[in-house]
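In case you want the letters, here they are:
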Amino acid sequence: MSADTQRTLVLIKPDGVQRGLVGAIISRLEARGLKIVAMKMLQMDREMASQHYDVHRQRPFFQGLVEFITTSPIIAVVLEGSNAVELVRRSMGTTDPVQAEPGTIRGDLAVEIGRNLIHGSDSLETAATEISLFFKSEEIPGYTRSVEPWITES
Ligand code: DAT
Ligand code: MG
């Protein structure tokens, strides 16, 4: 494991599951070299959604966001890799798909901020908090991949 190996939480939101884009989205991140270390489907309840989006509690879009994220199942994934947090954020594209660069997940597959398909932790600190909200430590099995030296130098 190289020194800058990080773990980050990705959610495929209800729109991604309903649109049949789970494979396409995870595939992009997996193909980049990130390692899937945990994954499950679940339907978030309001309490969990409020906790996950606690930082946005005072924002006008908060109720709608909680409503949306709890309407239908999501996929939660923990990805590991060199600079995983920033890699995922940049591969996702900006929050508003209108501004997201083509080539990014949101820039290629989404059109509106309220249907932007994917969540990714925005820092190493929030990643740790978010991962623990979705996964118990025993749900994250450790394993090695023989391909690792072909993805990172050290
Ligand atoms: P991101 O998901 O890129 O980390 P964020 O943390 O600022 O973005 O916001 C969380 C989610 O809330 C975002 O994915 C979509 C929704 N959201 C953010 N800003 C919004 C806005 N101005 N209007 C409607 N929904 C918004
Ligand atoms: Mg965010």
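Basis of the calculations
Residues numbered from 1 in each chain as written. Chains lettered and ligands numbered in written order. Predicted model: local features only at pLDDT ≥ 70, side-chain atom pairs only at ≥ 80, totals over all residues. Heavy atoms only, no water. Phe/Tyr/Trp six-rings, centres within 6.5 Å; stacked < 30°, edge-to-face > 60°. Lys NZ or Arg CZ within 6 Å of the ring centre and 35° of its normal. Near = heavy atom within 4 Å. Polar contact = N/O pair within 3.5 Å; in protein donor to acceptor, adjacent residues only side chain to side chain. Areas by Shrake-Rupley, 256 points an atom, 1.4 Å probe, with all protein chains shown as cover. Buried < 20%, exposed > 50% of the residue type's maximum accessible area, 1.4 Å probe, protein only. Helix = DSSP H or I, 4+ residues; strand = E, 2+ residues; numbered from the N terminus. Arc of directions from axis to C-beta. Contact = heavy atoms within 4.5 Å. Salt bridge = Lys/Arg side-chain N within 4 Å of Asp/Glu carboxyl O. Pairing = 2+ DSSP bridges.

A few words on the packing of aromatic side chains. Taken as a whole and judged by the stated rule, the model has zero aromatic pairs. One residue, Lys35, lies across the ring of Tyr143, its end atom 4.6 Å from the ring centre. Over the aromatic face of Phe135 sits the side chain of Lys40, whose NZ or CZ is 4.7 Å from the ring centroid.

Neighbouring ligand 1 are Lys13, Tyr53, His56, Phe61, Leu65, Arg89, Thr95, Arg106, Ile113 and Asn116. At 2.8 Å, a side-chain N or O of Arg89 approaches an oxygen atom of ligand 1. Out of a free accessible area of 510 Å², ligand 1 has 75% covered by protein chains.

Within helix α5 (residues 84-92) the residues assigned to the buried category are Ala84, Val85, Val88, Ser91 and Met92. Viewed along the axis of α5, the buried residues span an arc of 140°, placing them on a single side of the element. Tucked into the core, α5 has its buried residues touching β1 (5-12), α2 (22-32), β3 (74-82), α6 (105-109), β4 (118-120) and α7 (124-134). Where α5 ends, the next residue or the one after it, Gly93, has phi of about 90°, a positive value.

On to the pattern of salt bridges, then. By the definition in use, this model includes seven salt bridges. A salt bridge links Glu80 to Lys35; the shortest N-O distance between them is 3.6 Å. Separated by 45 residues along the polypeptide, Glu80 in strand β3 and Lys35 in strand β2 (residues 35-42) bring together distant segments of the chain. As far as the burial class goes, Glu80 and Lys35 line up, both buried. Note that Glu67 is salt-bridged to Arg46, the shortest N-O span being 3.1 Å. Here Glu67, found in helix α4 (residues 62-69), pairs with Arg46, found in helix α3 (residues 46-52); they are 21 residues apart in sequence, far enough to count as distant. For Arg46, a relative accessible area of 39% puts it in the partly exposed group.

So, on to the pairing of β3. Taking burial as the measure, the nine residues of β3 include eight buried ones, the bulk of the element. With eight bridges connecting them, β1 and β3 associate as antiparallel partners. Bridge pairing in β3 links Leu11 to Ala76. Relative to β3, β2 runs antiparallel, the two being bridged by seven bridges. What sits directly across from Met39, in β3, is Val77.

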